[in-house]
Amino acid sequence: MARPATEARYAYDNAHPSARRHLASLSAALDDFTIGRLTHLDLTSRRCLEIGAGRSHVPVWLAEHVGPTGHVTATDLDTTHTGTHPRLTPLRHDIVTEPIPDPPYDLIHARLVLMHLPEPEKILTRLIDALAPGGILCVEDWHIQPSGVVLDAPTGQQRRLFAAYQHEVNQRVFQAAGSDPNWAPRIHTTMRAAGLRGVDTAIYAPVWHAGSPGLQISLTAIASHRDQLLHGGLLTDADLHEVTKLVSDPDSGLVVRGHQLYSTLGGKPHH
Ligand SMILES: C[S@@+](CC[C@H](N)C(=O)[O-])C[C@H]1O[C@@H](n2cnc3c(N)ncnc32)[C@H](O)[C@@H]1O
């Protein structure tokens, strides 16, 4: 059951020893696609806001493209991993409980943040309120579909093991923390119904091979949520050890369907 916003908790912790690798893996897996979505926008002199920046290169890329009179603010609960650039200001900020800092913005981007928070529609509405007339909102989130995940594995037992592991992560890490697995496909309608124009969604559907950044994120789930993953009784310590080897050894033969990233852009009317 979704928790009220006041109890919102992001399932991971940027201070955990595995966070650096986790956030770097997300950046390596997704930045090229995201930059491809933003590259056609006229960013010169724009004020941009990146929500929940993590270790993504996107805010630095924006800072490189806004020119000397533009600026980027990059927020996160913990900005330890945020990139640096003379036109980039990292800001410790909680998007659930605090007002949006210093609006309005010409571009607001949030990737893999709203999906982790209860009541993402409310946050999306607040982001739209913080846009300048003509400003663009880009929200990107994973649609995590548990069935049919494994495309190839060395044995049937390993295929079933990874599928069980993925099921447990979805249930005991993401959903237990309050994330709504069906949020991503709702972003488009939510933006359009909120009055944004030209709403456009692209879906990035990667395939992840063992050793790739997309599969490396499993290592964080195992490192930081071992107890929850074991709690359901579906997985044992030995299973988690085997999943660790399967995802990290590039020669293991594991190939999975990556989570689909829904990337939705919409513009605020000029009047
Ligand atoms: C899954 S990571 C995604 C990082 C980055 N956006 C990316 O896609 O590579 C989610 C990030 O959102 C941050 N976050 C979670 N809850 C937040 C909140 N309430 N306010 C601001 N940032 C938050 C986390 O600290 C983390 O850095």
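Residues numbered from 1 in each chain as written. Predicted model: local features only at pLDDT ≥ 70, side-chain atom pairs only at ≥ 80, totals over all residues. Heavy atoms only, no water.

What follows covers the site of the ligand. Neighbouring the ligand are 19 residues, the closest being Gly-52, Asp-76, Asp-94, Ile-95 and Arg-111. One of the backbone nitrogen or oxygen atoms of Gly-52 is found 2.7 Å away from a nitrogen atom of the ligand. Leu-77 is positioned such that a nitrogen or oxygen atom in its backbone is 3.5 Å from a nitrogen atom of the ligand. Protein burial of the ligand: of its 590 Å² of free accessible surface, 98% is covered by the chains. For the shell around the ligand, the residue count by class is ten nonpolar, six polar and three charged. (Near = heavy atom within 4 Å. Polar contact = N/O pair within 3.5 Å; in protein donor to acceptor, adjacent residues only side chain to side chain. Areas by Shrake-Rupley, 256 points an atom, 1.4 Å probe, with all protein chains shown as cover. Nonpolar A, V, L, I, M, F, W, Y, C, P; charged D, E, K, R; others polar.)

Moving on, we come to unusual backbone geometry. For the peptide bond that leads from Pro-103 to Pro-104, omega is 5 degrees, which places it in the cis range. Turning to its location among the elements, Pro-104 is positioned in the loop between β3 (88-92) and β4 (105-111). One non-glycine residue, Ser-45, lies in the positive phi region at around 65 degrees. For Ser-45, the location among the structural elements is in the loop between α1 (19-38) and β1 (47-51). Take Ser-45: its relative accessible area is 35%, and that puts it in the partly exposed class. (Helix = DSSP H or I, 4+ residues; strand = E, 2+ residues; numbered from the N terminus. Buried < 20%, exposed > 50% of the residue type's maximum accessible area, 1.4 Å probe, protein only.)

Attention now goes to α1. At Leu-30, α1 shows its maximal kink, close to 50 degrees. Of all 20 residues in α1, 14 are buried, a share of seventy percent or more. (Bend = angle between axes of the 7 residues up to and from the residue.)

As a further point, take the layout of surface pockets. Size it by volume and the largest pocket reaches roughly 720 Å³. Forming the boundary of the largest pocket are 44 residues, of which Tyr-10, Asn-14, Leu-112, Val-113 and His-116 lie nearest the centre. Counting residues per element, the ones that place at least two in the lining of the largest pocket are α1, β1, β2 (71-76), β4, α4 (156-174) and α6 (213-224). Its volume calculated, the second largest pocket comes out at about 170 Å³. Listed by contribution, the elements that provide at least two residues to the lining of the second largest pocket are β5 (131-143) and α4. The element best represented in the lining of the second largest pocket is α4, accounting for four residues. (1 Å grid on protein atoms, 1.4 Å probe; cavity = no way out; pocket = protein on both sides within 12 Å on 5 of 7 lines; lining within 4 Å. Points joined across faces, edges and corners; volume = space filled by probe spheres on them.)

Before going further, it helps to examine the packing of aromatic side chains. All chains considered together, the criterion is met by three aromatic pairs. On the numbers, 6.0 Å between centres and 65 degrees between planes, the contact of Trp-142 with Trp-208 is edge-to-face. Remark: Trp-208 occurs in strand β8 (residues 207-209) and Trp-142 occurs in strand β5; sequence separation between them is 66 residues. Both residues of the pair, Trp-142 and Trp-208, count as buried. Ring plane angle 50 degrees and centroid distance 5.4 Å describe the contact between Phe-162 and Tyr-165, whose orientation is recorded as tilted. Placement of the pair is Phe-162 and Tyr-165 together in helix α4, with a separation of three residues, close to one helical turn. Side by side, Phe-162 and Tyr-165 carry an identical accessibility label, which is buried. Positioned above the aromatic ring of Tyr-105, the side-chain terminus of Arg-47 is 4.8 Å from the ring centre. (Phe/Tyr/Trp six-rings, centres within 6.5 Å; stacked < 30°, edge-to-face > 60°. Lys NZ or Arg CZ within 6 Å of the ring centre and 35° of its normal.)

Moving on: the nonpolar core. Membership of the largest hydrophobic core comes to 62 residues, with the highest contact counts inside it found for Leu-137, Trp-142, Phe-162, Tyr-165 and Leu-254. Looking at which element gives the most residues to this core, the answer is α4, with seven residues. What Tyr-165 contacts, discounting residues up to four positions off in sequence, is Ser-218, Ala-221, Ile-222, Leu-229, Leu-235, Leu-240 and Val-243. Within the second largest apolar cluster, 17 residues are counted, among which are Leu-43, Cys-48, Ala-63 and Ala-74. (Core = buried A, V, L, I, M, F, W, Y, C linked by side-chain atoms within 4.5 Å. Contact = heavy atoms within 4.5 Å.)

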